[in-house]
Amino acid sequence: MMIIETDLHLNPHHPSYNRSAVEHLISAAQDYARTNIEGPSSIRLISTRSGEI
């Protein structure tokens, strides 16, 4: 499992949510996992923003 902590808002209902940035982060994580991890893997994003963990 890959855990990624980010300061991005992950709640799509938050006014500062940036869909493009979140999708870019997910895509980059998937590319990294595909290239560097053998076998099944999972990715978990965790926001370090107050109240979003």
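Refer to the structure presented above.
The rules behind the values
Each chain has its residues counted from 1, following the order in which its sequence is written. This being a predicted model, a pLDDT of at least 70 is required before a residue's local features are given, and a value of 80 or more before pairs of side-chain atoms are given or counted; all residues contribute to the totals for chains, interfaces and linings. Computation of side-chain values covers all heavy atoms of the structure but excludes hydrogens and water. Here a strand is any run of E in DSSP of at least two residues, a helix any run of H or I of at least four, and the numbering for each starts at the N terminus. Type-normalised accessible area, obtained with a 1.4 Å probe on protein chains alone, sets the label of each residue: buried when under 20%, exposed when over 50%, and partly exposed for intermediate values. The criterion used for residue contact is that any of the two residues' heavy atoms lie within 4.5 Å. For the accessible areas, the method is Shrake-Rupley and the probe is 1.4 Å, while residue cover comes only from the protein chains on display. Asp and Glu are treated as the negative residues and Lys and Arg as the positive ones, with His and the ends of the chain left uncounted. Charge coordinates come from a single atom per side chain, which is NZ of Lys, CZ of Arg, CG of Asp or CD of Glu. Whenever Lys or Arg places a side-chain nitrogen within 4 Å of a carboxyl oxygen from Asp or Glu, that contact is recorded as a salt bridge. Definition of a polar contact: a pair of N or O atoms within 3.5 Å, with one able to donate and the other able to accept a hydrogen when the atoms are protein atoms, and with sequence-neighbouring residues admitted only if both atoms are side-chain atoms. Only strands joined by at least two bridges in the DSSP assignment are considered to pair. Crossovers are described as right-handed under a simple rule: with the strands pointing away from the observer, the path leading from the first strand over the helix to the second runs clockwise.

A count of helical and extended segments in the protein gives one helix and two strands. Expressed as lengths along the three principal axes of its C-alpha atoms, the size of the protein is roughly 35 × 20 × 15 Å. Counting only residues that meet the buried cut, the protein has 17% of its 53 residues in that class. Considering only contacts within the protein whose residues lie at least 6 apart along the sequence, 64% involve residues at least 24 apart. With the model as given, the accessible surface of the protein reaches about 4200 Å², and the carbon-plus-sulfur share is 48%. Measuring between centres, the 4 positive side-chain charges of the protein sit 5 Å from its 6 negative side-chain charges.

What follows is about the pattern of salt bridges. In this structure the tally under the stated criterion is two salt bridges. The salt bridge partner of E23 is R19, with a shortest N-O separation of 2.8 Å. Separated by four residues within a single helix, E23 and R19 lie in helix α1 (residues 19-36), roughly one turn from each other. Of the residues examined, E23 reaches a relative accessible area of 42% and is grouped as partly exposed. Overall, the relative accessible area of 56% leaves R19 in the exposed class. Salt-bridge contacts for D31 lead to R34; the nearest nitrogen and oxygen are separated by 2.5 Å.

Okay, the side chain of T6 next. Mapped onto the elements of the fold, T6 is located in strand β1 (residues 2-6). At 3.1 Å, the side chain of T6 forms a polar contact with the backbone nitrogen of L8. Residues contacting T6, with those up to four places away along its chain left out, are L25, I46, S47 and T48.

Here we take up the pairing of strand β2 (residues 43-47). Every other side chain in a regular strand lies on the same face of the sheet, so the side chains alternate between the two faces. Relative to β2, β1 runs parallel, the two sharing five bridges. Pairing of E5 across the sheet is with I46, part of β2. Tracing the backbone out of β1, into α1 and back to the parallel element β2 gives a crossover that is right-handed.

Coordinates in, geometry out; function isn't part of it.
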